[in-house]
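A closer look at the structure
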Amino acid sequence: MAMPAVNLRPYDDDALPSGGARLLMCGKSFVADKTGALYWPAEETLALSDLLLCQGSYLDQADAVMPPYDTASPMEKLEEALERYDPKRVIALGDSFKHGGALCAHDFDWLLDLMDGREWFWVTGPDGAPPPRNTPGRVVPHVTVGGVKFRHEPVRAPVSHEISGSMHPVATISDHDFTVTGRCFVSNGLRVALPSVGRCSAGANILDDIFEPLLGRNGLFVWVILHGRVRQVAAGQLMLA
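Figured I'd write up the structure that's included with this text. (Residues numbered from 1 in each chain as written. Predicted model: local features only at pLDDT ≥ 70, side-chain atom pairs only at ≥ 80, totals over all residues. Heavy atoms only, no water.)

Assigned secondary structure in the chain consists of three helices and 17 strands. Taking all 241 residues of the chain together, 48% fall into the buried category. Long-range contacts, defined here as pairs at least 24 residues apart, represent 69% of the contacts in the chain between residues at least 6 apart. (Helix = DSSP H or I, 4+ residues; strand = E, 2+ residues; numbered from the N terminus. Buried < 20%, exposed > 50% of the residue type's maximum accessible area, 1.4 Å probe, protein only. Contact = heavy atoms within 4.5 Å.)

Here is the structure:
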């Protein structure tokens with residue numbers, strides 16, 4: 001049975017001129033950015049997940065065409081978010097780099113320019129790829145800012161005040177009689193899973209069973225990135241593709 005078109009207008013009050021949207025968690029106010037980054041104005045902190053900066057490095061000499069549905073590179077998205085918010089602190093969660101990958105000299109210099117003058121954390125797990133040699137920033141398993149813990153992946157327990165990566169959440173909805181899928185921010189009000197910035201795969205639908213132990217099934221808050229904007233949608237409008 002076809003679902004009716006999703007009415008996104010009730011949430012326009014949360015829309016921002018930048019194309020982002022306001023996101024609340026545990027009484028704290030964030031900005032969900034259209035790049036997939038999350039900005040925390042009170043702490044001047046930008047968090048983002050799964051850059052995978054080296055994921056296409058093996059294609060550099062192969063004249064390969066990258067998938068067309070994500071035309072902006074992770075580095076371009078990172079630069080866009082940094083220019084928009086100019087944060088003092090950046091927290092990169094999940095898989096920022098790819099095992100066996102390498103940044104070319106141009107991209108490495110580009111990354112250094114973006115990092116210059118900012119406090120920077122690479123939050124990664126024990127199996128995560130480390131940053132390339134001589135990359136600035138601190139490599140840590142987690143970091144706590146303003147009472148919120150940033151983790152490379154969510155802890156498998158009922159916790160609050162957590163922002164995590166590694167889950168690659170996407171949401172499928174019916175939009176103007178078309179079924180569309182987009183990267184998304186998802187929360188139960190107590191914790192937030194960030195979308196990936198650099199992943200080229202389909203991601204994991206937030207109605208998949210892997211999310212249920214973390215966020216539950218009821219009371220989900222979802223901000224989906226579609227058509228160059230972040231839009232909040234109701235949990236009842238979600239589809240399991």
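Turning next to the pattern of salt bridges. In total, this model carries seven salt bridges according to the counting rule given. Of the charged contacts in the structure, one is a salt bridge between Asp33 and Arg84, with a shortest N-O distance of 2.9 Å. Linking Asp33 in the loop between strand S2 (28–32) and strand S3 (38–40) with Arg84 in helix H1 (residues 74–85), this pair joins segments that are 51 residues apart in sequence. In this structure, Glu119 and Arg89 form a salt bridge, with 3.1 Å as the shortest nitrogen-oxygen distance. Within this pair, whereas Glu119 is found in strand S6 (residues 119–123), its partner Arg89 is found in strand S5 (residues 89–93), the two being separated by 30 residues in sequence. (Salt bridge = Lys/Arg side-chain N within 4 Å of Asp/Glu carboxyl O.)

Within the chain, Asn134 stands out as a residue other than glycine whose phi angle is a positive 75°. As for its placement among the helices and strands, Asn134 is situated in the loop between S6 and strand S7 (138–140). Phi at His227 takes a positive value of approximately 55°, unusual for a residue other than glycine. With respect to the secondary-structure elements, His227 resides in the loop between strand S15 (221–226) and strand S16 (229–233).

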